[in-house]
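For reference, the chains in residue letters:
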Amino acid sequence: MDSSALAFTYLFCALLVGGLIVRTVLASRQIRHVVRHRDRVPDPFAATIGLDAHRKAADYTVAKARFGMLESAIEAALLLGWTLLGGLHALNQWLLQWMEPGMWQQLALLGAFTLIGAVLTLPLGWWSTFRLEERFGFNKMSLSLWLGDLLKGAVVGALIGLPIAALVLWLMGAAGPTWWLWAWGAWMVFNLLLLVLYPTLIAPLFNKFEPLQDETLKTRVNDLMKRCGFAAKGLFVMDGSKRSAHANAYFTGFGAAKRVVFFDTLLKQLAPPEIDAVLAHELGHYKRRHILQRTVLMFALSLVGFAVLGWVSRQAWFYTGLGVVPSLDAPNDALALLLFLMVVPLFTYFLSPLIAQLSRRHEFEADAYACAHTDGNDLASALLKLYKDNASTLTPDPVFARFYYSHPPASERIARLQGAAA
């Protein structure tokens, strides 16, 4: 192994170990902080959140944090197994023994890697759903429904993922040194197309979407959207209760295909004025151009990612530094793609606080928009119900929240809403 490959191996190990240490330290802080405040409801919430609900949220948060620590350790071990311990190299060599080098062998490598990874992490998904979520009363799925979702997800993933993967691999081999720019353009078009197709073709494979039947609520929602200058293709109710007791509402689609989707659990939990306020918050994300900003940011970061991939895919140290010997008489494009996808999260993990901070700022702006078009007290009331029903802790560790939370902690968010309402 040459010096460049060895240096990259050291960097890879440092990022892997460093990231695991940071995750563990942050999760430990979260656990200690939540446990320390488990037996007392914070004063601003004492009148609306009971002690039993507060303790349930604390226990749920601690259980998720501990499970997250285990998950991180297993993922780190799997990453080592695929890279420095030779798993990916062995899989590639085995496929080359059975298949001629070329597009089909590379697609087989991508498919086999994905399938093996899914099987290895299957117990984690099962435990999360049927032990952790079940323990706190959130899971509503049967084993057959869970398995059916996995099967449908695999089929949809293959139908969507394999063609775009084949296109990227073809461009890597045929489009010359600037292949990454063409691949980025194809990926961008694919994502925009997916925004249009997902609501009508993909989402209905997993959930049932029915038009909102409550005429009074429909009138309220349409009046609110008219006041906000927003047009949607339809108002739909999703059978979220078939899988989980968690509640939500969201916009989906792109351009003329935008639609408003309410979880059936949300409609059961909130009063009409509170639903208005939650919807106004989601409208705020559109009116403040948060969706556009995030889309542009995603495309910009992906452009940088494709450019870096275009460079490292031509460097021998990139392969050998990660435990893979590149082929001299066969394409290495699929290897480069898989190695890059495995390594990138080690680098981007440390950007999490910046992304989370931007997201929290957007949430505050959307809250302010909701307060301008509905009653801020209604949004605060709705959020408190959702915090309670979703067992979201009211006392997160401040450092953990700053690093990970895409939404502001309850104390900060509710205080701003009540101040705006006043």
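Just so you know, these numbers come straight off a predicted model, no measurement behind them. (Residues numbered from 1 in each chain as written. Predicted model: local features only at pLDDT ≥ 70, side-chain atom pairs only at ≥ 80, totals over all residues. Heavy atoms only, no water.)

Describe the UniProt feature "domain: CAAX prenyl protease 1 N-terminal" (unreviewed entry) in the protein, and please don't skip the residues or the numbers.
Residues annotated in UniProt with the feature "domain: CAAX prenyl protease 1 N-terminal" (unreviewed entry) correspond here to residues 30-208. Strand forms 0% of residues 30-208 and helix 78%; the C-alpha atoms that close the span are 37 Å apart. (UniProt positions renumbered as here; feature names shortened; annotations may be inferred. Helix = DSSP H or I, 4+ residues; strand = E, 2+ residues; numbered from the N terminus.)

Can you break down the pattern of salt bridges residue by residue, with the values?
Evaluation of the coordinates by the stated rule reveals 14 salt bridges. Taken together, the salt bridges that share partners define one network made up of Arg38, Asp39, Arg55 and Asp59. (Salt bridge = Lys/Arg side-chain N within 4 Å of Asp/Glu carboxyl O.)

Give me the lowdown on the nonpolar core, citing residues and values where you can.
One finds Phe45, Phe262, Leu266, Leu279, Leu283 and Ile414 to be the most contacted residues of the largest nonpolar core, which totals 45 residues. Elements with a minimum of two residues in this core: α7 (215-227), β2 (235-238), β3 (249-252), β4 (259-263), α9 (272-287), α13 (352-373), α14 (376-389) and α16 (410-421). No other element matches α14, which puts seven residues into this core. Excluding its chain neighbours within four sequence positions, the residues that come into contact with Ile414 are Phe45, Ala380, Leu383, Leu384 and Tyr387. Counting residues in each nonpolar core, the second largest holds 43 residues, with Leu91, Leu109, Phe306 and Ala334 among its members. (Core = buried A, V, L, I, M, F, W, Y, C linked by side-chain atoms within 4.5 Å. Buried < 20%, exposed > 50% of the residue type's maximum accessible area, 1.4 Å probe, protein only. Contact = heavy atoms within 4.5 Å.)

For the sheet that holds β4, give the residues involved together with the corresponding values.
Taking strand neighbours across the sheet as the criterion, the four strands line up as β1-β2-β4-β3 in an open arrangement whose pairing is mixed. Edge positions in the sheet fall to β1 (209-211) and β3, since each of these pairs with one other strand and no more. On average, adjacent strands in this sheet sit at an angle of 30° to one another, irrespective of strand direction. Examined bridge by bridge, β3 and β4 share four bridges and lie antiparallel to one another. Residue pairing in the sheet places Tyr250 in a bridge with Val261 of β4. Packed onto the sheet, α9 meets β3 and β4 and runs at close to 35° relative to β3. (Pairing = 2+ DSSP bridges. Axes fitted to C-alpha atoms, helices over the stretch in contact; angles between N-to-C directions.)

Describe in detail helix α3 (residues 87-98), supporting the description with residues and values.
Over its 12 residues, α3 extends 17 Å from the first C-alpha to the last, a length consistent with the 16 Å expected when each residue adds 1.5 Å. Looking at α3, one finds that the buried residues are Leu88, Leu91, Asn92 and Leu95. What you see down the axis of α3 is that its buried residues fit within an arc of 95°, all on one side. Of the surrounding secondary structure, the elements contacted by the buried residues of α3 are α2 (51-82), α4 (103-135) and α12 (333-348). (Expected span 1.5 Å × (residues − 1). Arc of directions from axis to C-beta.)

Account for the packing of α4 against helix α5 (residues 143-174), naming residues and giving values.
With their axes 11 Å apart at the nearest point, α4 and α5 run at an angle of 150° to one another. The angle between the axes of α4 and α5 places the two elements in the roughly antiparallel class. The chirality of how α4 crosses α5 is right-handed. Residues Met103, Gln106, Leu107, Leu110, Leu122, Gly125, Trp126, Thr129 and Phe130 of α4 form the contact with α5, whose participating residues are Leu143, Trp146, Leu150, Leu162, Ala165, Ala166, Leu169 and Trp170. (Parallel < 35°, antiparallel > 145°, perpendicular 65-115°, else oblique. Left-handed = near helix turned anticlockwise from the far one by under 90°.)

Got a sec to walk through the side chain of Asp367? Specific residues and values, please.
Examined against the element boundaries, Asp367 turns out to sit in helix α13. Residues within four places of Asp367 in sequence aside, it is in contact with His281, Leu379, Arg413 and Leu417.

Outline the pairing of β4, listing residues and values.
Of all five residues that make up β4, five are buried, and the element is covered over most of its length. Side chains of β4 alternate between two faces, with Arg259, Val261 and Phe263 and Val260 and Phe262 buried alike.

Describe the packing of aromatic side chains, with residues and values.
Throughout the structure, instances matching the rule amount to 20 aromatic pairs. When the ring of Phe8 is compared with that of Phe318, the centres are 5.8 Å apart and the planes differ by 45°; the resulting orientation is tilted. One end of the pair, Phe8, is in helix α1 (residues 3-36); the other, Phe318, is in helix α11 (residues 316-320), and 310 residues separate them in sequence. For Phe8, a relative accessible area of 11% gives the class buried. Its relative accessible area of 2% is what places Phe318 among the buried residues. On the numbers, 6.2 Å between centres and 55° between planes, the contact of Trp94 with Trp98 is tilted. Here Trp94 pairs with Trp98, and both are found in helix α3, just four residues apart, close to one helical turn. The exposure class of Trp98 is exposed, given its relative accessible area of 64%. Three or more aromatic residues joined by ring pairs make a cluster, and in this case those are Tyr349, Phe350, Phe400, Phe403, Tyr404 and Tyr405. Note that Arg23 overlies the ring of Tyr349, its terminal NZ or CZ placed 3.8 Å from the centroid. Above the face of the Phe364 ring, Arg416 is positioned so that its terminal group lies 3.7 Å from the ring centre. (Phe/Tyr/Trp six-rings, centres within 6.5 Å; stacked < 30°, edge-to-face > 60°. Lys NZ or Arg CZ within 6 Å of the ring centre and 35° of its normal.)

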